[in-house]
Each structure stands twice: as C-alpha cells, then as structure tokens.
Amino acid sequence: MQEKIIILDYGSQTTQLIGRRLRELNVYCEIVPYNKFPQDDPEVKGVILSGSPFSVYDERAFRTDLAPIRGKYPILGICYGAQFIAYTCGGKVEPAGSREYGRANLTTMERGNKLLQGLSENSQVWMSHGDTITALPRGFRVIASTAEVEVAAYQAEEEPIWGVQFHPEVFHTTEGTRLLQNFVAGICGCSQNWTPDSFIETTVDELRRELGSDKVVLGLSGGVDSSVAAVLLNKAIGKNLTCIFVDHGLLRKNEFQEVMRDYESLGLNVIGVDASEKFFAELAGVTDPEKKRKIIGKGFIDVFEAEARKLADVKWLAQGTIYPDRIESLSITGMVIKSHHNVGGLPEKMNLKICEPLKWLFKDEVRRVGRALHMPENLISRHPFPGPGLAVRILGDITREKVQILQEADHIFIQGLRDWKLYDQVWQAGVILLPVQSVGVMGDERTYERAVALRAVTSTDAMTADWARLPYDFLAKVSNDIINKVKGVNRVTYDISSKPPSTIEWE
Ligand code: XMP
C-alpha cells in the first residue's frame, strides 16, 4: 500500500512545484486535474488544492464539488485553493485593492497550530494574488496575517481544513517546506517513506501483476529514462522483456558499442540494430531541419516496427516517459504526451498496450532510482541528447564524412569536460558543425577549412538555459586539441547565447 497525497490542479504555474516539495519530503503524491479526484482510493491520506490563474467568481473558474472530500480527508488550500474553499463554504472573496505580489512577513496568531508549528516569528512568505478573502465562513478562524493580508492563513474549527493565501511551495517562502511537512506528516499522518527503494519494490510488484507472462518490447536510446525503465522491467519480468536499440549512425563516437556493452552487463536482453545505411541514404541532400527530424522519426519507427514484428506474441510497448513529459498543467484538459516520443503511432498499428513505469517520476528521481538499481554512473548522469542525434548539430546536409568530423570534435570536448571534472556541472554539451569555411594557417600552409561551435549550457529542465561559464584555460585546451587533431577543422568558437531567445540545439 502506497500512501499518497492528491494535489488537485487548478492551473497554477506552481502546481508542479507543490509535487516536487512533497517528493523531497519523501511523500508520494499525484497531481490530478481539479475535477478528477480519485474516489474511494484507500491510499489517499490528504488533499491539496492548488492555485489558479482565475478568480473564484470568474465564469471560467475551475470548480470542484468538495462534498465527497470534506470531512473524509485533511484538506489544504493554497492561494486560489484557499479562496475557493472559503468562497464555497460561505465566505467572501473580493478583488484586492491592488494585486499583491512578492515578499511579505507572516505574523502567526497561533504558534502551536498544527500547520504552523516550528515556523519562526515573521517568517518570509511569497504572495501572488489579485483577490483576497474578506470574510471567512462561519466556523473558520484566522491563524496568521501579513501587513497587507489579514487572512493569510486560516483553519476550520470543526473539520480538518486549512488554507494559506501565500505559496509555501516556492523558494521565496523560506519555511514553506516546513509548513508542507506539517500538513502531510503532522496532519495527514504520512510516514515519509517514499524512497527509491520503496518505489522499486512497489513498481516491480505492480509490473509483475500487470504484465503476468506477457511479452514486452522497449526502445532504448542510451538515455537515462529508457535505460532505467528497462532495468526495472528486467527486474520484474526478466527475459519477457526485449529491448531494441536502433543506431541511426548519428550517435556520438563509439556510443553505440559502449552503451550496448553497458546494457549487456546489466543483463538486458537487447537487440542492437545498425540502420545507419538507411538513414544516410534517406537524409542525403536534405538541409531543412524539420525535414531531417521527420525523416529520422519515420525511419526510427520503420526499423523499430520491423524488429518488433520479428518477436512472437508481443503485447506491450514500454516507454521511459517521465512525469514532466505528461503534465500539461495549464490546459488541465487531461494528460498530453509530448509529440517527440519516438514511437508515435506504433502502439495502434501493432495493437500494443502501453507500459510506462516511470510516469510518476521527475528526472532527478529517475536518477536516484537508477543509482538504487546499481546502474553504471555513466548511464545515470549522462547529458540529455536529442533523438535525431548529430543530424541537428550538422547545419546543412548530412554526410558520413561530416558526421565523422563532428564525432571527433565532440569526443574531444566531452572527454575534456570529464577530465576537467566539469561534465556534471553542465546540463548538456556538444559541438556544432557549421556550414562555413574560413582561412587559417598551419605550419607554412594556408588552410581553408571548417569552423565548429562548442555549446555547453546550464539548466534545470531545458525549458530555459544559460551558457556555461567554462574556464578560459579549458576552452583554450579544447580549441587547441580540436584544431590539431581533427582533420578538416581550423576554427573553434564558443556559443554564448542563452535560451530564450536562442535554443540549446542550433536546429
Ligand atoms: P532546444 O534546442 O529546443 O532543446 O532548446 C531542448 C532540449 O530538447 C532536446 N531536443 C530534442 N530531443 N528530439 C529529442 O528527442 C528532438 O527533435 C529534439 N530537439 C531538441 C535538446 O537536446 C535539449 O535537451
């Protein structure tokens, strides 16, 4: 039995953060749309109502029938969540004189209150709201205020309901995690035992129950998500799992062989397919980035399908989809799977059911699970790498010769990052082969050769990124090594653009 907190999502941009904070407290939680509360789930220990871009009296406001929840579980409303509870229980919510946004200090009336225990006097909180609660419902009382907001936190007398006008989940609410812990542990009674080991144990049990003796196929990419998914499934169903790793010829230098070795040493049943001929033939002369992506996407499905059809009786397609891939918090219309997933359309075509064992995990949790599964560190901490591989790092058309030049330059850069202990300090790094040639001089000879750009960024989720401030001495060494060792390159530049307005990849 996996005790859990349900977070009802009303569309706030910080809903995911509430989930992150609870997971950091080793409490399992699920974020569900505001109208999808899981009825009669014996594992639910408490409910949190998130913030929202709407006002409670807005026609478009998301409303939940609280009757099946009230009295049955402890409830915490955050921002809109707090206003929605107050409003539907008979209180009054009105536009604040001006939008309140930013830091405020909390004065608590009840220091011993279960929700506020352990918070310091004048604790800093973060406000972001246009409305304010002007009257509480009968039987509710104020437990904390700020200079501007009288009802900064409240509690119901007769039932386990709390509300806070500020956002405990954001970084600027300095003791927000303490408050959330008070709610989930102190009030809801969660035992904070959600750890990688407990995840592995429950997931392996569930997979065994769900899959029985069915055959499962999974596409490996060399990336951390699909690798961890494969090892978990292997632990659950062993040889009934077949993994397929397609080499489109656009991977890093020696990557296919190295990753295949890692997979085999993990005991995985992997079919490695060298399909590079097909991809190079189909990509010949193509320069448009989106066309390249489409050709590679379709080629990947063709190869994967051909291999999967050779296996008898496959019933399931497993994928390394993780939680952020599925959350479409702002539309709340349901879960949307990102279109970049490599095997789009295949499940319908082959009549396969989908199995996604990591679908509730965030990226850092996937890494923690991988470590708990004793997977090699080079698989776990590997930088993200785009599905179309080096094709989107070669500007212009693709040839084997260009791929080879890029692989050599990329290898020097990445190995250099490892040697200088910089690899784990950047989110992602690589080299881009530019479609320009420039004049140089080597020995007494004039050269007219290619230029490359080094790209290294820091990020937490690839949505935004900044260029990594790599040491000059390091850049000098890499530049020197590339120009001296990679035939055909006589100029190295460093990309100092952030995202936005640029992107991480050049295509
Ligand atoms: P951008 O270039 O959009 O990249 O800033 C954000 C992240 O996504 C990766 N990326 C891709 N991954 N298929 C993928 O599987 C793609 O077509 C693709 N394009 C970009 C990129 O490497 C970065 O991590």
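Draft legend 1. Examining the overall build of the protein more closely. Scanning the protein from N- to C-terminus turns up 14 helices and 18 strands. Based on the C-alpha atoms only, the size of the protein along its principal axes is roughly 85 × 55 × 40 Å. Evaluated residue by residue, the protein yields a buried proportion of 57% over its 507 residues. Long-range contacts, defined as pairs at least 24 residues apart, comprise 74% of the intrachain contacts of the protein with a sequence gap of at least 6. Counting every atom, the protein has about 22,800 Å² of accessible surface; 49% of that belongs to carbon and sulfur. Averaging the locations of the 59 positively and 66 negatively charged side chains of the protein gives two centres separated by 2 Å.

Draft legend 2. Local environment of unusual backbone geometry. A cis amide bond links Lys499 to the next residue, Pro500, at an omega of -15°. The topology assignment puts Pro500 in the segment after strand 18 (489–494). The linkage connecting Pro500 with the following residue, Pro501, adopts the cis geometry, with an omega of 5°. Inspection of the secondary structure puts Pro501 in the segment after strand 18. In this structure, Asn351 takes a positive phi of about 60° despite not being glycine. Within the element layout of this structure, Asn351 appears in the loop between helix 10 (346–350) and strand 14 (353–355).

Draft legend 3. Quick look at the sheet that holds strand 12 (residues 270–274). Spatial strand order, 12-11-10-13-14: five strands in an open sheet with parallel pairing. The open sheet terminates on both sides in strands that have one partner only, identified here as strand 12 and strand 14. Taken pair by pair, the neighbouring strands of this sheet meet at an average axis angle of 30°, ignoring direction. Looking at chain direction, strand 11 (residues 241–247) and strand 12 are connected through five bridges and run parallel. Looking at strand 12, one finds that Val246 is bridged to Val273. Running at roughly 160° to strand 10 (residues 215–220), helix 5 (residues 224–237) makes contact with strand 10, strand 11, strand 13 (314–318) and strand 14 of the sheet. Those strands touched by helix 8 (residues 289–310) are strand 10, strand 11, strand 12 and strand 13, and its axis lies near 145° from that of strand 11.

Draft legend 4. Representation of the side chain of His129. Within the secondary structure layout, His129 lies in strand 6 (residues 123–135). With relative accessibility at 3%, the residue His129 sits in the buried group. A polar side-chain atom of His129 sits 2.5 Å from the main-chain carbonyl oxygen of Asp131.

Draft legend 5. Examining the site of the ligand more closely. The ligand sits among Arg293, Pro384, Pro386, Gly387, Pro388, Gln428, Ala462, Lys499, Thr503, Ile504 and Glu505. With respect to the ligand, the side chain of Arg293 contributes an N or O atom lying 2.6 Å from an oxygen atom. Gly387 is positioned such that a nitrogen or oxygen atom in its backbone is 3.0 Å from an oxygen atom of the ligand. Isolated, the ligand exposes 500 Å² of accessible area, and the fraction of that covered by the protein chains is 76%. Its residues assigned to classes, the shell around the ligand shows five nonpolar, three polar and three charged.

Draft legend 6. Spatial organisation of the domain arrangement of the protein. Taken domain by domain, the protein consists of domain 1 (4–187), domain 2 (196–380) and domain 3 (399–494). Taken over C-alpha atoms, the centre of domain 2 sits 29 Å from the centre of domain 3. In this complex, domain 2 contributes eight residues to the contact, which on the side of domain 3 involves 10 residues. Around 830 Å² of area is buried between domain 2 and domain 3 when both sides are counted, 48% of it from carbon and sulfur atoms. Counting the surface domain 2 buries against domain 3, the share from its top three residues, Arg252, Lys253 and Phe280, is 67%. For the pair domain 2 and domain 3, the interface holds three salt bridges.

Draft legend 7. Examining the sheet that holds strand 4 (residues 75–78) more closely. In spatial order, the strands read 2-1-3-4-9-8-7-5-6; together these nine strands make up an open sheet with mixed pairing. With partners counted over all chains shown, the strands left at the sheet margins are strand 2 (29–33) and strand 6, one partner each. Taking the axes of each pair of neighbouring strands and ignoring which way they run, one obtains an average angle of 25° across the sheet. Note that strand 5 (residues 92–108) and strand 6 share 11 bridges and pair antiparallel. Within the sheet, the bridge partner assigned to Gly102 lies in strand 6 and is Met127. The sheet strands contacting helix 2 (residues 80–88) are strand 3 (44–49), strand 4, strand 5, strand 6, strand 7 (140–145), strand 8 (153–156) and strand 9 (161–164), and the helix crosses strand 4 at an angle near 115°.

Draft legend 8. Quick look at the environment of Asp40. Here Asp40 shows up in the loop between strand 2 and strand 3. Sequence spacing of Asp40 and Pro68 is 28 residues, and the spatial spacing of their C-alpha atoms is 9.5 Å.

Draft legend 9. Geometry of the nonpolar core. Counting residues in each nonpolar core, the largest one holds 79 residues, and the members touching the most others are Leu22, Ile48 and Leu76. At nine residues, the largest contribution of residues to this core is made by helix 5. Sequence-distant contacts of Leu76, that is, excluding residues within four places in its chain, are made with Val47, Ile48, Leu49, Leu115, Trp162, Gly163, Val164, Leu179, Leu180 and Phe183.

Draft legend 10. Expanded view of the packing of helix 4 (residues 196–211) against helix 11 (residues 363–372). Close contact between helix 4 and helix 11 brings their axes to 9 Å; oriented N to C, the two are set at 80°. Comparing the axis directions of helix 4 and helix 11 gives the class roughly perpendicular. Of the residues in helix 11, those in contact with Pro196, Asp197, Phe199 and Ile200 of helix 4 are Arg368, Val369 and Ala372. Of the residues that constitute the contact of helix 4 with helix 11, the class distribution is five nonpolar, no polar and two charged.

Draft legend 11. Seen up close, the packing of aromatic side chains. Applying the stated criterion across every chain yields a total of 17 aromatic pairs. Ring centres of Tyr28 and Trp194 lie 4.5 Å apart, and the angle between their planes is 50°; on these two criteria the pair is classed as tilted. Within this pair, whereas Tyr28 is found in the loop between helix 1 (15–24) and strand 2, its partner Trp194 is found in the loop between helix 3 (176–187) and helix 4, the two being separated by 166 residues in sequence. Comparing Tyr28 with Trp194 shows no difference in burial state: the two are buried. Seen from their ring centres, Trp467 and Tyr494 are 6.1 Å apart, and the 80° between their planes marks the pair as edge-to-face. Placement of Trp467 in strand 17 (residues 466–467) and of Tyr494 in strand 18 is noted, with a sequence separation of 27 residues between them. Ring pairing ties together the aromatic residues Tyr10, Tyr34, Phe54, Phe62, Tyr80 and Phe84, which thus form one cluster. A cation over an aromatic ring shows up here: Arg469 above the ring of Trp467, its NZ or CZ 3.9 Å from the ring centre.

The rules behind the values
- Residues numbered from 1 in each chain as written.
- Predicted model: local features only at pLDDT ≥ 70, side-chain atom pairs only at ≥ 80, totals over all residues.
- Heavy atoms only, no water.
- Helix = DSSP H or I, 4+ residues; strand = E, 2+ residues; numbered from the N terminus.
- Buried < 20%, exposed > 50% of the residue type's maximum accessible area, 1.4 Å probe, protein only.
- Contact = heavy atoms within 4.5 Å.
- Areas by Shrake-Rupley, 256 points an atom, 1.4 Å probe, with all protein chains shown as cover.
- Lys, Arg positive; Asp, Glu negative; His and termini not counted.
- Charge placed at Lys NZ, Arg CZ, Asp CG, Glu CD.
- Pairing = 2+ DSSP bridges.
- Axes fitted to C-alpha atoms, helices over the stretch in contact; angles between N-to-C directions.
- Polar contact = N/O pair within 3.5 Å; in protein donor to acceptor, adjacent residues only side chain to side chain.
- Near = heavy atom within 4 Å.
- Nonpolar A, V, L, I, M, F, W, Y, C, P; charged D, E, K, R; others polar.
- Domains from an automatic or database assignment.
- Buried area = accessible area lost by both parts, 1.4 Å probe.
- Salt bridge = Lys/Arg side-chain N within 4 Å of Asp/Glu carboxyl O.
- Core = buried A, V, L, I, M, F, W, Y, C linked by side-chain atoms within 4.5 Å.
- Parallel < 35°, antiparallel > 145°, perpendicular 65-115°, else oblique.
- Phe/Tyr/Trp six-rings, centres within 6.5 Å; stacked < 30°, edge-to-face > 60°.
- Lys NZ or Arg CZ within 6 Å of the ring centre and 35° of its normal.

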